[in-house]
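Chain by chain, the residues run as shown.
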Amino acid sequence: MNKVLSICNLSKNYNTIDGEIKALDNITFDMYDNDFIAIVGSSGCGKSTILSILSGIIKDYDGCIDTCNQKIGYMLQSDCLLPWLNIWENAILGLKLTNKLSKENILNVKNLLKKYNLYEFKDKYPTNLSGGMKQRVALIRTLATNPDILLLDEPFSALDYQTRLVVSNDVYEIIKKENKTAIIVTHDIAEAISMTNKVIVLSKRPATIKKIYDINLNNPSTPINNRNDEKFMEYYDQIWKDLDKNV
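Source: prediction; values computed, not measured.

**Quick word on the pairing of strand β1 (residues 3-16)**
As judged from the 10 bridges shared by β1 and strand β2 (residues 19-32), these two strands associate in the antiparallel manner. When the sheet's bridge partners are listed, Asn13 is paired in β2 with Lys22. Here β1 folds back onto β2 in antiparallel fashion, the turn holding 2 residues.

Structural data, given as structure tokens:
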């Protein structure tokens, strides 16, 4: 397998009114082609900080990051669709902002919308779509720039439980069909185990890596089906014991 991302001794301090706060402390892990990694940990421990650093939003940090010339796409917590733009305009927004509205890229967006049953809604506005459909549009907008690695920051947190299950299936299948490597930050242990092949457990702030689990289910399938795998609860119990309980 080809290594696509290497993080070594990543640390981050914030300056606050009360003084300097250490958010991350010597975070080290590698990522390979088609990995889907989950990062879990207690609230405020620094999970999203890792994604902000990897995406380039935060540039001030200690340690080494080697992206191996991989292009990174970042999908934020909310869908962030602009309500005054229709679905097509939202889907191509990233291309427009980066001056990449080529015929090839526009055709790619059109094909993605068709492939994932959203093309018929291209002239609708976000208020006309369900929460799950809006998340799919947001993911397609991220895929439109053709990233090699996707960063997903709690992408289902605004959805109700039933919709969350369905959309996690949708997002998982899109990522796998498009052969993308991905990192998801989540509070949901079940979501982490059912969607990914590796779970990184962080400690309380300053975040250190407590343990990395390789997820090897007996009969891996879709996220919904994976929750019924007989090894699922074994992983759940182990990760729950490792987590600080104020998740």
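Once you've had a look at it, read on.
**Comments concerning the sheet that holds strand β6 (residues 149-153)**
With respect to topology, 6 strands assemble into an open sheet ordered β5-β6-β7-β3-β8-β9, the strand pairing being mixed. The sheet is open, and its two edges are formed by β5 (72-75) and β9 (209-214), each paired on a single side. Within this sheet the neighbouring strands show an average axis-to-axis angle of 15°, counted without direction. Sheet topology places strand β3 (residues 36-40) next to strand β7 (residues 181-185); 4 bridges connect them, and they run parallel. Across the sheet, the residue bridging to Ile39 is Val185, located in β7.

**Topic: helix α5 (residues 131-143)**
With 13 residues, α5 ought to run about 18 Å at 1.5 Å a step, and its terminal C-alpha atoms sit 19 Å apart, in line with that. When you tally the buried positions in α5, you get 11 out of 13 residues, the bulk of the element. Among all positions of α5, only Gly132, Met133, Gln135, Arg136, Val137, Ala138, Leu139, Ile140, Arg141, Thr142 and Leu143 are buried. Where α5 is buried, its residues contact β5, α2 (87-91), α3 (93-97), α4 (103-115), β6 and α6 (161-177).

**With respect to the sheet that holds β2**
Strand order in the open sheet formed by 3 strands is β2-β1-β4, with antiparallel pairing between adjacent strands. Sheet topology places β2 and β4 (62-66) at the edges, where each strand pairs with a single neighbour. Geometrically, the sheet is characterised by an average inter-axis angle of 15° between neighbouring strands, direction not taken into account. In terms of strand pairing, β1 meets β4 through 4 bridges, oriented antiparallel. When the bridges of β4 are listed, Ser11 appears paired with Asp62.

**Observations concerning the layout of surface pockets**
As a volume, the second largest pocket reaches approximately 180 Å³. Around the second largest pocket sit 14 residues that line it, and Tyr172, Thr196, Asn197, Ile215 and Pro220 are the ones nearest its centre. Of all the secondary-structure elements, those providing two or more residues to the lining of the second largest pocket are α6 and α7 (189-195). In terms of residue count, α7 provides more of the lining of the second largest pocket than any other element does, 3 residues in total. Residue composition of the lining of the second largest pocket, by class: 7 nonpolar, 6 polar and 1 charged.

**Re α4**
The terminal C-alpha atoms of α4 lie 18 Å apart, and with 13 residues this matches the ideal 18 Å at 1.5 Å per residue to within 8%. Taken together, the buried positions of α4 are Asn105, Val109, Leu112 and Leu113. Mapping the buried residues of α4 onto a view down its axis gives an arc of 100°, with all of them on the same face. Along α4, exposed side chains directed more than 90 degrees from the buried face belong to Lys103 and Glu104. As for α4, its buried residues are in contact with α2, α3 and α5. Asn117 lies just past α4 and shows a positive phi near 60°.

**Section: the packing of aromatic side chains**
Taken as a whole and assessed by the stated rule, the structure comprises 1 aromatic pair. Taken together, a centroid distance of 6.3 Å and an interplanar angle of 40° make the contact between Phe232 and Tyr236 tilted. Residue Phe232 and its partner Tyr236 are located together in helix α9 (residues 232-242), separated by 4 residues, close to a single helical turn. Its end group placed over the ring of Tyr14, Lys12 keeps NZ or CZ at 4.9 Å from the ring centre.

**Observations concerning the side chain of Arg141**
Locating Arg141 in the fold gives a position in helix α5. Looking at Arg141, its side chain comes within polar contact range of the main-chain oxygen of Cys80, at 3.2 Å.

**Thoughts on the environment of Asp148**
If you trace the backbone, Asp148 turns up in the loop between α5 and β6. Given a relative accessible area of 31%, Asp148 falls into the partly exposed group. Residues Asp148 and Ala158 lie 10 residues apart in sequence; the distance between their C-alpha atoms is 26 Å. In this view, Asp148 contacts Asn69, Gln70, Lys71, Lys180 and Thr181; residues no more than four positions away in its chain are not counted.

Each value, and the rule that gives it
Residues numbered from 1 in each chain as written. Predicted model: local features only at pLDDT ≥ 70, side-chain atom pairs only at ≥ 80, totals over all residues. Heavy atoms only, no water. Pairing = 2+ DSSP bridges. Helix = DSSP H or I, 4+ residues; strand = E, 2+ residues; numbered from the N terminus. Axes fitted to C-alpha atoms, helices over the stretch in contact; angles between N-to-C directions. Expected span 1.5 Å × (residues − 1). Buried < 20%, exposed > 50% of the residue type's maximum accessible area, 1.4 Å probe, protein only. Contact = heavy atoms within 4.5 Å. 1 Å grid on protein atoms, 1.4 Å probe; cavity = no way out; pocket = protein on both sides within 12 Å on 5 of 7 lines; lining within 4 Å. Points joined across faces, edges and corners; volume = space filled by probe spheres on them. Nonpolar A, V, L, I, M, F, W, Y, C, P; charged D, E, K, R; others polar. Arc of directions from axis to C-beta. Phe/Tyr/Trp six-rings, centres within 6.5 Å; stacked < 30°, edge-to-face > 60°. Lys NZ or Arg CZ within 6 Å of the ring centre and 35° of its normal. Polar contact = N/O pair within 3.5 Å; in protein donor to acceptor, adjacent residues only side chain to side chain.

Geometric values such as these leave the question of function open.
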